[in-house]
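Each chain, letter by letter, is given below.
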Amino acid sequence: MAKGALDGPVPAAAVRGQRVLDLLDKAIDIQSPLVRKNIARARQRNPEATPAQVIRNLERMYISALTGTGAAVGGAAAAPGIGTGVALALSAGEALSSLELSTLFALSIAEVHKVPIDEIERRRTIVMGIMLGGTGSATITKVAERTGQHWGRQVVAKVPVETLRQVNRILGRNFVTKYGTKQGIIVLGRVAPFGIGAVIGGGANAAMATAALRAARRAFGPPPTS
């Protein structure tokens, strides 16, 4: 159990929760410089693609990548000679990859919608809000005391950073609970034998990607015209 400098022992759950948030910040730090490259990749086959077409390509790329990583790890767990310990290690690494893919997707969609994402607090709000879906949307609009159909435009782009810090503290607690629990269940499912893990891993990741996709559409609304 970790110890704080002033308050004595820190609960193990708090330590694990902070690790999840540290992984989120790490994902944001790694993926933020790659946003424009990701958008360029989505436009590769059609340099004249409209924002709507670019967003559809980003969605396809995200679902395909996330589903593929989940299925690959689940399949590896069933391979001869792969023990449960190795399979769990592979799955833990894949959990970070999933978080990075989700971060890149969320920030790329924000960029296409011309939502400013220069400050770290705005990036955190976008990523956690999209990954938390309806819960994230309700929290953001309530704490920010803003109403509007699309929080990605109405809140993230216009609310002061200090207000976003308050939003992110609440989102962070929800994110730790939901993401940590969900990933724990998926990790255990991926190490199931006889190829079952591949089905569980791929299916769970596909469901997670679809939920994030829908949340992003609700967050930002229709694509810009140009």
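Because the structure is predicted, anything quoted here is derived from the model rather than measured.

### Focus on the overall build of the chain
Phase 1: A count of helical and extended segments in the chain gives 9 helices and 2 strands.
Phase 2: Seen in sequence order, the chain has helices and strands lined up from the N terminus as β-β-α-α-α-α-α-α-α-α-α.
Phase 3: Looking at the chain residue by residue over its 226 residues, the buried ones come to 41%.
Phase 4: Partitioning the intrachain contacts of the chain with sequence separation of at least 6 by distance along the chain shows that 74% fall at a separation of at least 24.
Phase 5: Roughly 11500 Å² of accessible area belongs to the chain as shown, and the carbon and sulfur atoms make up 58% of that amount.

### Some thoughts on helix H6 (residues 134–144)
Phase 1: Among the residues making up H6, those that are buried are Gly136, Thr139, Ile140 and Ala144. End-on view of H6: buried residues confined to an arc of 105°, all on one side of the axis.
Phase 2: Glu145 sits one or two positions beyond H6 and adopts a positive phi of about 55°.

### Some remarks on the packing of helix H5 (residues 120–132) against H6
Phase 1: Between H5 and H6, the shortest axis-to-axis distance is 5 Å and the interhelical angle comes to 130°. On the basis of their axis angle, the class for H5 and H6 is oblique. Where H5 approaches H6, its residues Thr125, Gly129 and Leu132 are matched on the opposing element by Gly134, Thr135, Gly136 and Ile140.
Phase 2: Of the residues assigned to the contact of H5 with H6, the class counts are 2 nonpolar, 5 polar and no charged.

### Regarding the environment of His113
Phase 1: Tracing the chain through its elements places His113 in the loop between helix H4 (84–112) and H5.
Phase 2: By relative accessible area, His113 is classed as buried at 9%.
Phase 3: Residues in contact with His113, not counting those within four places in the same chain, are Ile55, Arg153, Phe220, Gly221, Pro222, Pro223 and Pro224.

### Side note on the pattern of salt bridges
Phase 1: Throughout the structure, instances matching the rule amount to 7 salt bridges.
Phase 2: In this structure, Glu111 engages Arg36 in a salt bridge whose closest nitrogen and oxygen atoms are separated by 3.2 Å. Here Glu111 is found in helix H4, whereas its partner Arg36 is found in helix H2 (residues 35–42), with 75 residues between them in sequence.
Phase 3: Take Glu111: its relative accessible area is 25%, and that puts it in the partly exposed class.
Phase 4: Note that Glu121 and Arg165 form a salt bridge whose closest N and O atoms lie 3.8 Å from each other.

### Digging into H2
Phase 1: Among the residues of H2, those classed as buried are Val35, Asn38, Ile39 and Ala42. Seen from one end, H2 has its buried residues packed into an arc of 100°, which puts them on one side. Opposite the buried face of H2, by more than 90 degrees, sit the exposed residues Arg36, Lys37 and Arg41.

### Concerning unusual backbone geometry
Phase 1: Even without being glycine, Lys114 reaches a positive phi, approximately 65°.
Phase 2: Topologically, Lys114 is positioned in the loop between H4 and H5.
Phase 3: Classification of Lys114 as exposed rests on a relative accessible area of 57%.

### Some thoughts on the confidence of the model for the chain
Phase 1: Mean pLDDT over the chain works out to 75, with 68% of the residues at or above the 70 mark.
Phase 2: Taken element by element, the chain is modelled with least confidence in strand S1 (residues 3–4), mean pLDDT 48, and with most confidence in H2, mean pLDDT 94.

Conventions adopted
- Residues numbered from 1 in each chain as written.
- Predicted model: local features only at pLDDT ≥ 70, side-chain atom pairs only at ≥ 80, totals over all residues.
- Heavy atoms only, no water.
- Helix = DSSP H or I, 4+ residues; strand = E, 2+ residues; numbered from the N terminus.
- Buried < 20%, exposed > 50% of the residue type's maximum accessible area, 1.4 Å probe, protein only.
- Contact = heavy atoms within 4.5 Å.
- Areas by Shrake-Rupley, 256 points an atom, 1.4 Å probe, with all protein chains shown as cover.
- Arc of directions from axis to C-beta.
- Axes fitted to C-alpha atoms, helices over the stretch in contact; angles between N-to-C directions.
- Parallel < 35°, antiparallel > 145°, perpendicular 65-115°, else oblique.
- Nonpolar A, V, L, I, M, F, W, Y, C, P; charged D, E, K, R; others polar.
- Salt bridge = Lys/Arg side-chain N within 4 Å of Asp/Glu carboxyl O.
- pLDDT = per-residue confidence, 0-100.

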